[in-house]
Amino acid sequence: SRGLGDVYKRQVQNSRRLITVSNFEKENITNFFKLKNKEIQAVHNGVNKTFTASIDADHIAKVKAKYELPEKYMLHISNKDPRKNTKKVLIAFKEFLKTATANHQLLMLGCKKDDLKIMLKEINAVELYEHIVLTGYVSDKDLPVIYQLSELFLFPSLREGFGIPIIEAMACGVPVITSNTSSMPEVAGNAAHLIDPNKSEEICRGMLKIVFNENYRKELIQKGLERSTAFSWNSMAFKVLEQYKELYKEINS
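Described in the following lines is the structure provided in the data block. All values derive from a computational prediction rather than experimental measurement.

## Focus on the pairing of strand β6 (residues 152–155)
Link 1 in the chain: Every second residue of β6 is oriented toward a common face, with Leu-152 and Leu-154 on one face and Phe-153 and Phe-155 on the other, all of them buried.
Link 2 in the chain: The pairing of β6 with strand β7 (residues 176–179) spans three bridges and is parallel. Bridging across to β7, Phe-153 finds its partner in Val-176.
Link 3 in the chain: In this region the chain leaves β6, passes through helix α7 (residues 164–171) and returns to the parallel neighbour β7; the handedness of that crossover is right-handed.

Rendered as structure tokens:
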């Protein structure tokens, strides 16, 4: 609303420094509020240690049974927000199945059955329903297992301020397909397969390449594991603390 926008504007104008989660958002804030001399620092988010910790076989078996996980599946986090680009994922998956001979499934988090059926009707792909698994609610302790057991992670969002799931998947040793827009290339670096999120054919080609090119798959996994180590909450906290220390010296000098 306009009133809320005015509140944010006053807060920005009255602040000495601003901290945001990415250089992409830093540029957006600078342009939106027409800032000139205001100092803005981009401090990246981190990945929770639960995504890097080893998981025992008993927990993996329980998660498989609890969510009835298929043997081979691709992972996509979805909701009603068009920004998550779920329709393009479904179209790409439909095209993927025309080429793939193995029994691949699409595992979707955060999507309800009725919403899925509506989307499938809208893209004329109701037959796809039998190849899709909906998990329902997934607990935080089970999510790393869901990631680790997936063939690849689909995150072709239309816009993200950061995109924590990208580094969560990488930390779990999963190859990632994500967008070449907004903050996502900044987060992914050269460790993900970048695509135009508006082109389902690019998403499909990425899926095919990762699934059927073992060398490329291993390359993305290794690069992703290395990339994820650059993002930690300890590092984030340290950088934010440094900003407060610098500002304190500035005020008291």
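Past the structure itself, the notes keep going.
## Some remarks on the side chain of Ser-228
Link 1 in the chain: With respect to the helices and strands, the residue Ser-228 is situated in helix α10 (residues 214–228).
Link 2 in the chain: Taking the relative accessible area as the measure of exposure, Ser-228 reaches 5% and is therefore buried.
Link 3 in the chain: Residues in contact with Ser-228, not counting those within four places in the same chain, are Val-47, Ile-167, Met-170 and Ala-171.

## Details of unusual backbone geometry
Link 1 in the chain: In this structure, Glu-68 takes a positive phi of about 50° despite not being glycine.
Link 2 in the chain: Along the chain, the position of Glu-68 falls in the loop between α3 (57–67) and β3 (73–77).
Link 3 in the chain: The phi dihedral of Asn-124 falls on the positive side, at around 55°, and the residue is not glycine.
Link 4 in the chain: Its location among the elements puts Asn-124 in the loop between α5 (113–122) and β5 (132–134).
Link 5 in the chain: Under the relative-accessibility criterion, Asn-124 is labelled exposed at 61%.

## Structural notes on the sheet that holds β6
Link 1 in the chain: With respect to topology, six strands assemble into an open sheet ordered β5-β4-β3-β6-β7-β8, the strand pairing being parallel. Only two strands of the sheet have a single neighbouring strand rather than two, namely β5 and β8 (193–195). Averaged over all neighbouring strand pairs, the angle between strand axes comes to 25°, with direction disregarded.
Link 2 in the chain: The pairing of β3 with strand β4 (residues 105–109) spans five bridges and is parallel. If you follow Ile-77 over to β4, its bridge partner there is Leu-109.

The rules behind the values
- Residues numbered from 1 in each chain as written.
- Predicted model: local features only at pLDDT ≥ 70, side-chain atom pairs only at ≥ 80, totals over all residues.
- Heavy atoms only, no water.
- Buried < 20%, exposed > 50% of the residue type's maximum accessible area, 1.4 Å probe, protein only.
- Helix = DSSP H or I, 4+ residues; strand = E, 2+ residues; numbered from the N terminus.
- Pairing = 2+ DSSP bridges.
- Right-handed = clockwise from strand over helix to strand, strands pointing away.
- Contact = heavy atoms within 4.5 Å.
- Axes fitted to C-alpha atoms, helices over the stretch in contact; angles between N-to-C directions.

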